[in-house]
Amino acid sequence: MPNYHKLEAKAVQELKDIANKIRIHSIISTQAANSGHPTSCSSIGEILSVLFFHTMRYKVSAPRDPSSDRFVLSKGHAAPALYAAWAEAGLFSISDLQNLRKFKSDLEGHPTPRLNFIDVGTGSLGQGLAIAGGMAYVGKYFDKASYRVYCLIGDGESAEGSIWESVHFASYYKLDNLCIIIDVNRLGQSQETSIGHDVESYRKKMEAFGTEAIIVDGHDVEELVKAFHSASATKGKPTAIIAKTLKGKNFPKIENLENWHGKPLGVESDVVVNHLKGLLQNPGPLQVHPQKPLKEDAPTVDITNIRLSSPPNYKLGDQIATRVAYGTALVKIAQNNPRVIALDGDMKNSTFSEKLLQYDPSRYIECFIAEQNLVGTAIGAACRDRTVPFVSTFACFLTRAFDQIRMGAISQTNVNFVGSHCGVSIGEDGPSQMGLEDLAMFRAVNGSTIFYPADAVSTERAIELAANTKGITFTRTNRPTTPVIYANNHVFAVGKANVVLSSPKDQVVLIGAGVTLQESLSAAKELAQAGIGARVIDPFTVKPLDKETIIKNIKDVGGRAVVTEDHYYQGGLGEAVIAALAMEKDIIVKHLAVGELPRSGPPNALLQYYGISAKHISSAAQDILKL
C-alpha cells in the first residue's frame, strides 16, 4: 500500500487508551443523565479514536473550518461518544460531559448544530449518509478541495432504504472523498439485526452498489488505521469500511448481550468503569496530537445578498405557468452568484429546473427518483454555507421525504424547496400526482417560510427572496398557465400580503393563492356584475401570514371573507387565515378547499367539481353577505 507506515506500538496503545476513555466518559455521562446509550457508544470507541486522533484533519479551535474534514454521526444515539472524543481533543472540558441531556445544555441526547462542532442534527436513522454525500459532492465538484467526509452509520439503520439511495448516489458520482463506516455490532434496539455479524453480506452489498469495501475488526486499531489510509488512496469510488464490533465492548457481563440498548448501566457502572480504567496504560494527558495539518484549499464563498441578474420582464396578461417562471428565476440568481445550485428528482423538464442545467450543467445535481436522498444531499450541500441549494420535484413527492425535511429544520439548514404540480388544477394525471397536503406539511416545519406566488413576476421575486431567507423555504408552483397580474417593478416582501383589487365600496374580501387567486379575481368580476364590491388579497407568503393586512381589510369591508385554496381543508391557507382571525370579533369566513379524494379530469372541470372555481367563490361570497 503506497505511503503506508505501520504505527509504532506506543501510538497503537495510546489510541486504544483513548477508545477506552471514550467508553468511560460515555458511561459516566449517561449515568449522570440517567438515560442514554452507553453500549452503542462502546462499539465505536476505536473507530472514533482512530478518526479523531490519527486520521482526520481538523482544527479544534475552529470545528467548522471550511477546509477541515467532515464527520457525520448518522447513528446519533451514540452522541455521548462523539462528545467525549471532542472533549478529549480539547474543544471543551471533560467535566462538561456531566451536563449530557440536562435542560438547556447543548449536549443533547442526539447531536444538533447548537454545538459548534456539529454540522447537522442526526438521530432519525438512515439520513446521515445522504447528508455526507452532499458534503462530499460539494467538496469534490464545487470546492475542489482536499477535505474528506466520514459518515458512521449503524448496522441497524442500514435496513433503511434511504441508506441505499445514498450509497448509489455516492457511487454514481464517484465520491472518492467519502468514507462510509458501518458499525456492525449485531444488536438492534429490541433484537439482533436481520444480518447480525454477517460482514461478508455487507461487503457484497456495498461492492454491488459500487463502493470499495473493506472488512475490519472494528476494535483493532491497526486494522482501522490501515483501512482509513486505503480509503484515502482509493480513486473513482467511495469506500465502505465494514467494522465488525461488539455492543458493550469491554463491559464485563454486558458485552454482546441483548437488553442493554438505550439504558445507563446503573448498578453495573462502577464495576465497568473500574475495569476500563484498569485497561488504560496512559491514564494521563494525551501524547498523540489531534490536529493534523490542514491543506487550506477550500475557497472563500459569499452566499449573501443574492439577486436576480435582471428584473422580471413580462406583460400584464401574459399567460405563464409559475413553474416556468421558477426555472427562469433560478437561472437569474445563478447568474448573480456562482454558489446557487439546483437538485431534482428526475422531474427537471416538468419543474423547469432544467433551465439551470442548460445554463450551467456543473451546478445541476440529478438525484433521480430517490427523494429522501435528494433532500439529504441538499442539506449536506448547504452545510458550512458552501452553496444555496434549490430542491425541486412535484409537491406531492416531497411528502415522501418529510422526515428528512423536519430533520433539516433541526439541523438549522438553509435549503429551498420548490413543489410543482400542486392541487387538482394539474388535471388529468389524477390524485397520485396532486400535491394536496404540501402546505400542511411545510407549515408544520419549525422555522419554515412558505411562498405561494400567483404569477410569473411574483414567482421570480419569491425565488430571489428564498435565496436570502434563513431556514427552510417552500415555494408552491402551478402546472397550468396563469395571467401576469403584477407590474415588473412591484416590490414583494416576506410576510407582506398584496391587495390586488379594491374599492371604497367593497363588501367582502376574497383571499386566494396561485390558481385560486386567479379564480378569486374572476369571482370579483362576477360579483361586480351583481353590484357587490369584492376586495382581493394575495397573501404571497402563507407562512408567515400577513395577519395585519388581512384583518384590517376584512374589518374594512364589514367582517366578511372567503378564502379559497387548491389543497385539502386541513393545514393549508384557509386554516392559516382562520387561525389569524381567532381572537377577532364579528368576522365570518367561508373556507373553500378540496374536500374529498379527487379524480382525473380537465383542470377547469376539477376546479368546478370540487368547489373552488370562480363560480363557487362568487356564490360563497353572496351567501355570507346574507348572514
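Everything quoted here is computed from the prediction, not taken from an experiment.

Here's the deal with the environment of R443
And step 1. Its location among the elements puts R443 in helix α16 (residues 438-443).
And step 2. Each C-alpha atom, one on R443 and one on G572, is 7.7 Å from the other, the two residues being 129 residues apart in sequence.

So, the pairing of strand β9 (residues 388-394)
And step 1. The element β9 is extensively covered by neighbouring structure, given that seven of its seven residues are classed as buried.
And step 2. Two strands pair when backbone bridges link them, and strand β7 (residues 340-344) and β9 are joined in this way by five bridges, in the parallel orientation. Within β9, the residue paired with A342 across the bridge is F390.

A short note on empty space enclosed by the protein
Leftover empty space is mapped by rolling, across the atoms, a probe with the size of a water molecule.
And step 1. Under the defined criterion, the tally for this structure stands at three cavities of 30 Å³ or more.
And step 2. Here the largest cavity defines a volume of roughly 160 Å³.
And step 3. Residue lining of the largest cavity: 19 residues in total, with F71, V72, F117, I118 and D119 positioned closest to the centre.
And step 4. Listed by contribution, the elements that provide at least two residues to the lining of the largest cavity are β1 (70-73) and α4 (79-89).
And step 5. A class-by-class count of the residues in the lining of the largest cavity yields 13 nonpolar, two polar and four charged.
And step 6. Quantified by volume, the second largest cavity comes out at close to 80 Å³.
And step 7. Forming the walls of the second largest cavity are 13 residues, and the residues nearest its centre are G188, L257, E258, N259 and W260.
And step 8. Residues belonging to the lining of the second largest cavity are distributed by class as follows: three nonpolar, seven polar and three charged.

Some details on the UniProt feature "domain: Transketolase-like pyrimidine-binding" (unreviewed entry) in the protein
And step 1. Mapped onto this structure's residue numbering, the UniProt feature "domain: Transketolase-like pyrimidine-binding" (unreviewed entry) falls at residues 320-481.
And step 2. Each end of residues 320-481 is marked by a C-alpha atom, and these two atoms are 5 Å apart; helix forms 42% of the span and strand 19%.

Thresholds applied
- Residues numbered from 1 in each chain as written.
- Predicted model: local features only at pLDDT ≥ 70, side-chain atom pairs only at ≥ 80, totals over all residues.
- Heavy atoms only, no water.
- Helix = DSSP H or I, 4+ residues; strand = E, 2+ residues; numbered from the N terminus.
- Buried < 20%, exposed > 50% of the residue type's maximum accessible area, 1.4 Å probe, protein only.
- Pairing = 2+ DSSP bridges.
- 1 Å grid on protein atoms, 1.4 Å probe; cavity = no way out; pocket = protein on both sides within 12 Å on 5 of 7 lines; lining within 4 Å.
- Points joined across faces, edges and corners; volume = space filled by probe spheres on them.
- Nonpolar A, V, L, I, M, F, W, Y, C, P; charged D, E, K, R; others polar.
- UniProt positions renumbered as here; feature names shortened; annotations may be inferred.

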